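Here is what each chain is made of, one letter per residue.
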Amino acid sequence: MDASAIHDIFIIGGGINGCGIARDAAGRGYSVVLAEMNDLASGTSSGSTKLIHGGLRYLEHYEFRLVREALMEREVLWKMAPHIIWPMRFVLPYAKGLRPAWMLRLGLFLYDHLGGRKLLPPTRTLDMHSDPAGKPLKPLFGKAFEYSDGWVNDARLVVLNARDAADRGATIRTRTRVVEARRDADHWLLTLQDQRTRATDTVRARLLVNAAGPWVDRVLGGVAGHNDVHNVRLVGGSHIVVRKKFDDPRAYFFQNRDGRIIFAIPYEADFTLIGTTDRDFDGDPAEAGITDAEVDYLCAAASEYFLEPVRRADIVWSYSGVRPLYDDGASKAQEATRDYVLRAEGGEGVPPLINVFGGKITTYRRLAESMLEKIEGYLGRRSKAWTAASTLPGGDFPHDGFEAEVARLRKAHPYLEAAHAHRLVRLYGTRAQTLLGLAKSAEDLGRHFGVDLYEAEVRYLMQHEWASTADDVLWRRTKRGLRLTGEQAEELDRFMIAEQGRRAAAE
Ligand code: FAD
């Protein structure tokens, strides 16, 4: 990279917000560099509940602006990436002594009508004694409401935004930490450190975006040398994954006695995802992990509803994330606003810095548009918003065309098992064809690492999606980590290290 070139925009952070902004800006012709200190989506953006949702619960906190914007985004995002985003129905059982039925009905009426719902079906009432959704639950839940929201593969949404940004000219540097950001005359001078070799280099840019998620204040204080660094409230949240508790494709929305709610969601075919918790977090977000109290809380809350209790021993995996919520002074973690704030400083001879505080996966595209408006105010250009009608890599097929896409892939590659083809289309959409190339049999896919993970997929992830460790492949690009043994994962790691060595030697 030419150290003397002055780029338009430098972005700190390869989570959904950083990558969404990079894509939008690159698509408008700006020269963009993004640095991520670890893997793409290794921060909060792979630790979410994975819902593209308006946030029914936020209505109780009168967050109408946020809910409306998020509701409208559901169908926009579904059309942009129908492989990794799809509609899901949620069953909300009415529980005596908790929120009254009229309140649930009113909330869902608003949810249905606040905006943007053209394709998703509306709310309906269920008799849980006759509807299959009642089967895995205790018989005391006689009535429920069923409403629509969306599901997203969060980590892949990040990677696909990065991929598209790079395809449009952005430079994406992973395993690259920004260690210093200082103003140098009319631009920023950024010092970057490669986290593998510890080598440093510098990059110059006219404008700096701080999209470091839960690290946003640390970047302001430690990297950019600011004094006022309390803008976000860090709120940790954890999920548990258990063997599947029910066969229904619908998810459950359970109200808890403490006023909070949790979801139980069908996950990765054979599992149920249960979460989340909310607790104030203090420390390095990279160290976030589930606590014993959170495990007990989630097991107890889900067991209030399921006939068969959820036990600690049922847990096959858990994960935690840290929400970087804009600090609006709310007393409880679950009451802090989920809306985002973009705060800019500089201009008129002082190179601008724009910070991202808060935000949801669901609203990342709108956040990027608002960011571009601010950026263009500084850079003195005007361009048109373009992402609402775009598709993300692999998402160039109709929103209801998933099964047809699977059939197309199986026709071109008849040796694929149905479940394998389904998984590849879910992850890569139309690009599954590129990944498989000219293979005529499973043997042509190269080395077999376990279940349906082959060398061809690993190579594709290394070449096109910045994967460099087994964890990148097993826990962020795919969730094969749920099924591979420890030995198989080590074997994959050894393969990837050797492959990188081979590539480095060839360069
Ligand atoms: P991050 O994803 O954390 O990205 C910031 C990145 O910056 C990190 O990858 C980090 O490594 C990098 N970085 C930091 N410092 C540096 C540096 N010095 N140099 C280089 N890189 C650096 N939203 C929804 O819409 N739906 C949900 O269902 C949902 N559920 C959630 C459940 C939980 C438990 C949590 C925690 C959040 C949930 N969210 C949900 C919110 C959503 O996940 C976050 O708002 C979003 O992921 C934040 O993205 P981000 O890009 O701002 O931060």
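Now for a look at the structure at hand. (Residues numbered from 1 in each chain as written. Predicted model: local features only at pLDDT ≥ 70, side-chain atom pairs only at ≥ 80, totals over all residues. Heavy atoms only, no water.)

### Observations regarding the packing of aromatic side chains
Operational definition: Here is the rule: rings of Phe, Tyr and Trp (six-membered ring for Trp) pair when centre to centre is within 6.5 Å. Planes less than 30 degrees apart are stacked, more than 60 are edge-to-face, and the remainder are tilted. Throughout, exposure labels follow a simple rule: accessible area from a 1.4 Å probe, protein chains only, divided by the maximum for the residue type, with under 20% read as buried, over 50% as exposed, and the rest as partly exposed. Think of it as a cone above the ring: NZ of Lys or CZ of Arg counts as a charge over the ring if it is within 6 Å of the ring centre and within 35 degrees of the ring normal.
What the rule picks out here adds up to 20 aromatic pairs. Relative to Phe254, the ring of Tyr252 lies with its centre 5.5 Å away and its plane at 25 degrees, an arrangement referred to as stacked. Judged by its relative accessible area of 1%, Tyr252 is buried. Grouped by ring-pair contacts, the aromatic residues Phe141, Phe246, Tyr252, Phe254, Tyr305 and Phe306 constitute a single cluster. Its end group placed over the ring of Tyr340, Arg65 keeps NZ or CZ at 5.4 Å from the ring centre.

### Regarding the nonpolar core
Note the following rule: Definition used in this section: a nonpolar core is a set of buried Ala, Val, Leu, Ile, Met, Phe, Trp, Tyr and Cys residues joined via side-chain atoms within 4.5 Å. By definition, any uninterrupted DSSP run of H or I lasting at least four residues is a helix, any uninterrupted run of E lasting at least two residues is a strand, and each is numbered from the N terminus. In what follows, residue pairs with any heavy atoms lying within 4.5 Å of each other are defined as contacts.
Within the largest apolar cluster, 48 residues are counted, with the highest numbers of intra-cluster contacts made by Ile9, Ile21 and Ile375. Contributions of two or more residues to this core are made by strand S1 (6–12), helix H1 (16–27), strand S2 (32–35), helix H2 (64–80), helix H4 (154–167), strand S10 (200–210), strand S18 (350–357) and helix H7 (364–379). Excluding anything up to four places from it in sequence, Ile9 contacts Ala25, Tyr30, Ser31, Val32, Val33, Ala205, Leu207, Val209, Ile375 and Leu379. Residues Val425, Leu436, Leu453 and Leu484 belong to the second largest nonpolar core, which totals 31 residues.

### Concerning a nonpolar patch on the surface
Going by this rule: Here, patches come from residues exposed beyond 30% relative accessible area and free of salt bridges, joined within 9 Å for like charges and within 5 Å for nonpolar side chains (Val, Leu, Ile, Met, Phe, Trp, Tyr). Computed with the Shrake-Rupley method and a 1.4 Å probe, the accessible areas treat only the protein chains shown as cover for residues. Here a salt bridge means any side-chain nitrogen of Lys or Arg lying within 4 Å of a carboxyl oxygen belonging to Asp or Glu.
On the surface, a cluster of nonpolar side chains totalling about 320 Å² of accessible area is made up of Trp102, Met103 and Leu106. Met103 gets classed as partly exposed once you look at its relative accessible area, which sits at 32%.

### A closer look at the site of the ligand
Formally: Proximity criterion: a residue is near a molecule or strand once any of its heavy atoms comes within 4 Å of it. Whenever two N or O atoms come within 3.5 Å, that pair is a polar contact, provided that in protein one can donate a hydrogen and the other can accept it, and provided that, for residues adjacent in sequence, both atoms are side-chain atoms. Residues are grouped as follows: Ala, Val, Leu, Ile, Met, Phe, Trp, Tyr, Cys and Pro are nonpolar; Asp, Glu, Lys and Arg are charged; all remaining types, including Gly, are polar.
The full set close to the ligand counts 38 residues, and Glu36, Ser45, Leu51, Gly359 and Thr362 are the nearest of them. Within the contact set of the ligand, an oxygen atom lies 2.7 Å away from a side-chain nitrogen or oxygen of Glu36. Between Ile361 and the ligand, the recorded distance is 3.0 Å, taken from a backbone N or O atom to an oxygen atom. Protein chains shield 98% of the accessible area of the ligand, which is 1,000 Å² for the free molecule. Of the residues in the shell around the ligand, the class split is 13 nonpolar, 20 polar and 5 charged.

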